[in-house]
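The primary structure of each chain is shown beneath.
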Amino acid sequence: MKILLVDDSKTMRNIQKSVLTQLGHTDTQEACDGQDAMSKVGAYKPDLLLVDWNMPIMDGLTFVKTFRQTNKTTPIIMVTTEAEKSRVIEAIKAGVNNYVVKPFTPDLLSQRINETMAKVAAA
């Protein structure tokens, strides 16, 4: 499974990559903001995107809205510090399939990925 990690924090991308590797997902690519992600998503064709909300240049919500204009199916999990219910609802309305609040455990990230991929497979 190809996974695109979109986060302005190199440390957070490394943590996510480490967790994904433990889960057996080694085909990952990284983007440092939404604009960077838009430039990579076409050629890489990820099966899943893990997207941070708060980033410079293009934030995660703007990226999700832009990406969803041309791609309605690729699952997106928002991985963010934004924990308010209104923010979660806003992200889901924008097209996010699932939501993980930072800091997260490897088990939680694994669970969210499995839930999301199972829902997509069933659809």
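Residues numbered from 1 in each chain as written. Predicted model: local features only at pLDDT ≥ 70, side-chain atom pairs only at ≥ 80, totals over all residues. Heavy atoms only, no water.

J.: Residue-level account of the sheet that holds strand S5 (residues 98-101), with values.
T.: Strands sit in the order S2-S1-S3-S4-S5 across an open sheet of five strands; the sheet is parallel. Either end of the sheet is taken by a strand with one partner, and the two such strands are strand S2 (28-31) and S5. Across this sheet, the average inter-strand angle for adjacent strands is 20 degrees, counted without regard to direction. Relative to S2, strand S1 (residues 3-6) is paired through four bridges, and the arrangement is parallel. Its bridge partner lying in S2, Leu-5 is registered against Glu-30. Against the sheet, helix H1 (residues 10-22) contacts S1, S2, strand S3 (48-51) and strand S4 (76-80), and its axis sits at roughly 165 degrees relative to S2. Most of the contacts of helix H3 (residues 60-70) go to S4, to which it runs at about 170 degrees, and overall it touches S3 and S4. (Pairing = 2+ DSSP bridges. Helix = DSSP H or I, 4+ residues; strand = E, 2+ residues; numbered from the N terminus. Axes fitted to C-alpha atoms, helices over the stretch in contact; angles between N-to-C directions. Contact = heavy atoms within 4.5 Å.)

J.: Hey, could you go over the packing of aromatic side chains for me, with residue numbers and the actual values?
T.: As enumerated under the stated definition, the model contains one aromatic pair in all. Summarising the aromatic geometry, the rings of Phe-63 and Phe-67 are spaced 5.6 Å apart at their centres and angled 15 degrees between planes, so their arrangement reads as stacked. In this pair, Phe-63 and Phe-67 both sit in helix H3, four residues apart, roughly one turn of the helix. Looking at Phe-63, the relative accessible area reads 0%, which means it is buried. The ring of Tyr-44 is capped by Lys-2, whose NZ or CZ atom sits 5.0 Å from the centre of that ring. (Phe/Tyr/Trp six-rings, centres within 6.5 Å; stacked < 30°, edge-to-face > 60°. Buried < 20%, exposed > 50% of the residue type's maximum accessible area, 1.4 Å probe, protein only. Lys NZ or Arg CZ within 6 Å of the ring centre and 35° of its normal.)

J.: Before we move on, can you summarise the nonpolar core with the specific residues and values?
T.: Within the largest apolar cluster, 21 residues are counted, with the highest numbers of intra-cluster contacts made by Leu-4, Leu-49, Val-51, Phe-63 and Met-78. Elements represented by at least two residues in this core include exactly S1, helix H2 (34-44), S3, H3, S4 and helix H4 (85-94). A total of four residues in this core trace back to one element, the largest contributor, which is H3. Not counting residues within four places of it along the chain, the set of residues in contact with Leu-49 comprises Leu-4, Val-41, Phe-63, Phe-67, Thr-74, Pro-75, Ile-76 and Ile-77. With 13 residues, the next largest nonpolar core counts Leu-5, Met-12, Val-79 and Val-100 among its residues. (Core = buried A, V, L, I, M, F, W, Y, C linked by side-chain atoms within 4.5 Å.)

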